[in-house]
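# Analysis of the macromolecular model
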Amino acid sequence: MSSFSEFFNHSNTLELGDREQRKTQDVVEKDLTVEDYSVFDGAHGKTGIVLFKEDPDGFYFSGKVLTDLLNNIDEKGKHDEVVKEGLKIHLFMQKNKKGNAEYVAVREW
């Protein structure tokens, strides 16, 4: 069983085990509970990897909006609170201000 920190050479450990990567279409328009996550510095900036309570067999590489939210939680020292209580979110597709592209937006519920 490999850990997230071994795969990405990152200090925080997130055990993935045999979980399968979920795509955006697997997680949008659903009420989900983040049960654990890690934010790492990737090739294109910070990236999050998320485990959802409702999907014990999957993991999700989060987009910028969710990654920024998770990074903000880390900066406030609230990671353990999210793990203990869960973070209820709803992911949905939203158009950018110009209306020429879509991205995954998030709201808490």
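Report follows, based on the coordinates. The model shown is predicted, which means the values in this text are computed figures rather than measured ones.

Rules of the game
Residues numbered from 1 in each chain as written. Predicted model: local features only at pLDDT ≥ 70, side-chain atom pairs only at ≥ 80, totals over all residues. Heavy atoms only, no water. Pairing = 2+ DSSP bridges. Helix = DSSP H or I, 4+ residues; strand = E, 2+ residues; numbered from the N terminus. Axes fitted to C-alpha atoms, helices over the stretch in contact; angles between N-to-C directions. Expected span 1.5 Å × (residues − 1). Buried < 20%, exposed > 50% of the residue type's maximum accessible area, 1.4 Å probe, protein only. Arc of directions from axis to C-beta. Contact = heavy atoms within 4.5 Å. Salt bridge = Lys/Arg side-chain N within 4 Å of Asp/Glu carboxyl O. Polar contact = N/O pair within 3.5 Å; in protein donor to acceptor, adjacent residues only side chain to side chain.

One open sheet holds the six strands; their spatial order is β1-β4-β3-β2-β5-β6, and the pairing between them is mixed. Two strands close off the open sheet at either side, each with one partner strand: β1 (20-22) and β6 (102-108). On average, each strand axis in the sheet is tilted by 45 degrees relative to the strand beside it, whichever way the strands run. Sheet topology note: the β1/strand β4 (residues 58-62) ladder contains three bridges and is parallel. When the sheet's bridge partners are listed, Arg22 is paired in β4 with Tyr60.

This part covers helix α3 (residues 64-75). Along its twelve residues, α3 runs 16 Å from first to last C-alpha, staying within 8% of the 16 Å computed at 1.5 Å per residue. The complete set of buried residues in α3 reads Leu66, Thr67, Leu70, Asn71 and Ile73. All buried residues of α3 project into a common sector of 155 degrees when viewed along the axis, lining one side. Every exposed residue of α3 that faces more than 90 degrees away from the buried side is listed here: Lys64 and Glu75. Tucked inside the fold, the buried residues of α3 contact β2 (30-42), β3 (45-52), β4, α4 (79-85), β5 (87-95) and β6. Phi turns positive, to about 70 degrees, at Gly77, one or two residues after α3.

Evaluation of the coordinates by the stated rule reveals six salt bridges. Where Glu35 meets Arg19, a salt bridge forms, and the shortest distance between an N and an O atom there is 3.8 Å. Of the two residues, Glu35 is situated in strand β2 and Arg19 in the loop between α1 (4-8) and β1; the sequence distance between them amounts to 16 residues. A salt bridge links Asp41 to Lys46, with the nearest nitrogen and oxygen atoms 3.1 Å apart.

With respect to the element layout, Ser62 can be found in strand β4. At 2.6 Å, the side chain of Ser62 and the side chain of Thr67 are in polar contact.

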